[in-house]
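Coordinates in review
As a plain string of letters, each chain reads:
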Amino acid sequence: MLTKGAIGNLVNRYRAVLTKCNLINTFGSLAVASMLVLGGAGVAEADAISIGKNESKTLEYTDISKDFSIVGQDGSILTINGGINFNCRDLGISEIENITQLNIDTGEITKRPSIYINNNNSTDESISINAKNINLTSHSGTSVVYIACGSNKAIDIGFDDNMHIAGRNAITNHGKNSTIDIKGGEGSVLTTNVTHNGIWVAYSENSSTKIKADTVSLKTGYEVLIKVASENASVSVDAKNLELICSNDDSSVVNLGADAKGASVDIKSSEQSIINGDLIVNSKDSKVCLNITGQESEFTGKS
């Protein structure tokens, strides 16, 4: 694809010929215009979408393309039907910024995760999201926030007030050298409604999965809340007020499997915490660290 500089050189080169033919005003202008359009398409880096102040916008999953950029203003409400799905297609570096209310629901449209990276390559790819309030709902049989494969992938989510995740597994990281980082602001609350794992990490050596908010509530009726089965993978949950609850009598809050050599799970609570379930470590050199400093703390389970 020609750059703008190359287009200018090309026009200057043939300017004399066009002048002799007395056609520069007509064909010369048309040539420049058409080549600039084509050149612009080649150098465009993002599919930019703007949302005005107090404006609501609804997008379909097919509207989300590589290197997308969605930027809102105060009061902007964004709904994405079908999820952000990059299944075997390039993602690039993409972002959603300054949204007051973000709703992503896969419904029956895709039956895939709400935020999904599934590219089996080593290309750097990332999604960055910043919003005041976030609701993520997936009707898939997998996870809500999901890096499925490949390496060097990143999902970064920042929220000011409230974030809710509903689906089968809340967060799954299966990418090598890949990160999922969810961070709330002061007074923020993160809640989940899941039928299986809260956090599942596997096939993802040297990966990092982090959750931090003032209040974090992860609950499940399934057998494991935080499941790790990858070498040197790290998981951290950091909150002032923390609930990690497994309602199944035979379930575990943390399970470091035999494949989790060198892996770590760090759980931190500085004010109030309820941890209900076992802490299981089945791999060499792996560890679970509990840093519970609050005066009102309750741990029910085996470690």
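Because the structure is predicted, anything quoted here is derived from the model rather than measured.

What to know about the sheet that holds strand β9 (residues 143-147)
One open sheet accounts for 8 strands, arranged β5-β7-β9-β11-β14-β16-β18-β20; its pairing is parallel. In this open sheet, the two strands that pair with only one neighbour each are β5 (84-87) and β20 (278-281). Taken pair by pair, the neighbouring strands of this sheet meet at an average axis angle of 15 degrees, ignoring direction. Inspection of the sheet shows strand β16 (residues 224-229) paired to strand β18 (residues 252-256) by 4 bridges, in the parallel sense. Across the sheet, residue Lys227 finds its bridge partner in β18, namely Asn255.

Considerations on the environment of Asp63
The topology assignment puts Asp63 in the loop between β2 (56-60) and β3 (68-71). Overall, Asp63 belongs to the partly exposed group, its relative accessible area being 34%. Distance in space between the C-alpha atoms of Asp63 and Ile84 is 9.4 Å, their sequence separation being 21 residues. Only 2.8 Å separates the side chain of Asp63 from the backbone nitrogen of Glu60, close enough to count as a polar contact.

Concerning the pattern of salt bridges
Under the criterion given, the structure shown has 4 salt bridges. A salt bridge links Glu125 to Lys153, with the nearest nitrogen and oxygen atoms 2.9 Å apart. Of the two residues, Glu125 is situated in strand β8 (residues 125-137) and Lys153 in strand β10 (residues 153-167); the sequence distance between them amounts to 28 residues. Taking the relative accessible area as the measure of exposure, Lys153 reaches 1% and is therefore buried. Between Lys132 and Asp161 there is a salt bridge whose closest N-O contact spans 4.0 Å. Of this pair, Lys132 sits in strand β8 while Asp161 sits in strand β10, and the two are 29 residues apart along the sequence.

Focus: the environment of Ile165
Along the polypeptide, Ile165 turns up in strand β10. The spacing of Ile165 and Thr191 is 26 residues in sequence and 6.5 Å in space, taken between C-alpha atoms. Filtering out sequence-adjacent residues up to four positions away, Ile165 remains in contact with Leu136, Val144, Ala170, Ile171, Ile182, Leu190, Thr191, Thr192, Asn193 and Val194.

Comments concerning unusual backbone geometry
The phi angle at Cys88 is positive, at roughly 60 degrees, despite the residue not being glycine. Along the polypeptide, Cys88 turns up in the loop between β5 and β6 (93-105). Residue Cys88 is classed as exposed on the basis of its relative accessible area of 66%. A positive phi angle is found at Asn152, which is not glycine, with a value near 65 degrees. Among the secondary structure elements, Asn152 is positioned in the loop between β9 and β10. When its relative accessible area of 28% is taken as the criterion, Asn152 is described as partly exposed.

Section: a positive patch on the surface
On the surface, Lys183, Lys210, Lys212 and Lys268 cluster together into a positively charged patch. Residue position: Lys212 is located in strand β15 (residues 208-220).

Regarding the environment of Glu223
Along the chain, Glu223 turns up in the loop between β15 and β16. Residues Glu223 and Cys246 lie 23 residues apart in sequence; the distance between their C-alpha atoms is 7.4 Å. Excluding residues within four positions of it along the chain, Glu223 makes contact with Ser251 and Ser252.

Parameters and conventions
- Residues numbered from 1 in each chain as written.
- Predicted model: local features only at pLDDT ≥ 70, side-chain atom pairs only at ≥ 80, totals over all residues.
- Heavy atoms only, no water.
- Pairing = 2+ DSSP bridges.
- Helix = DSSP H or I, 4+ residues; strand = E, 2+ residues; numbered from the N terminus.
- Axes fitted to C-alpha atoms, helices over the stretch in contact; angles between N-to-C directions.
- Buried < 20%, exposed > 50% of the residue type's maximum accessible area, 1.4 Å probe, protein only.
- Polar contact = N/O pair within 3.5 Å; in protein donor to acceptor, adjacent residues only side chain to side chain.
- Salt bridge = Lys/Arg side-chain N within 4 Å of Asp/Glu carboxyl O.
- Contact = heavy atoms within 4.5 Å.
- Patch = residues over 30% accessible without salt bridge, like charges linked within 9 Å, V, L, I, M, F, W, Y side chains within 5 Å.
- Areas by Shrake-Rupley, 256 points an atom, 1.4 Å probe, with all protein chains shown as cover.
- Lys, Arg positive; Asp, Glu negative; His and termini not counted.
- Charge placed at Lys NZ, Arg CZ, Asp CG, Glu CD.

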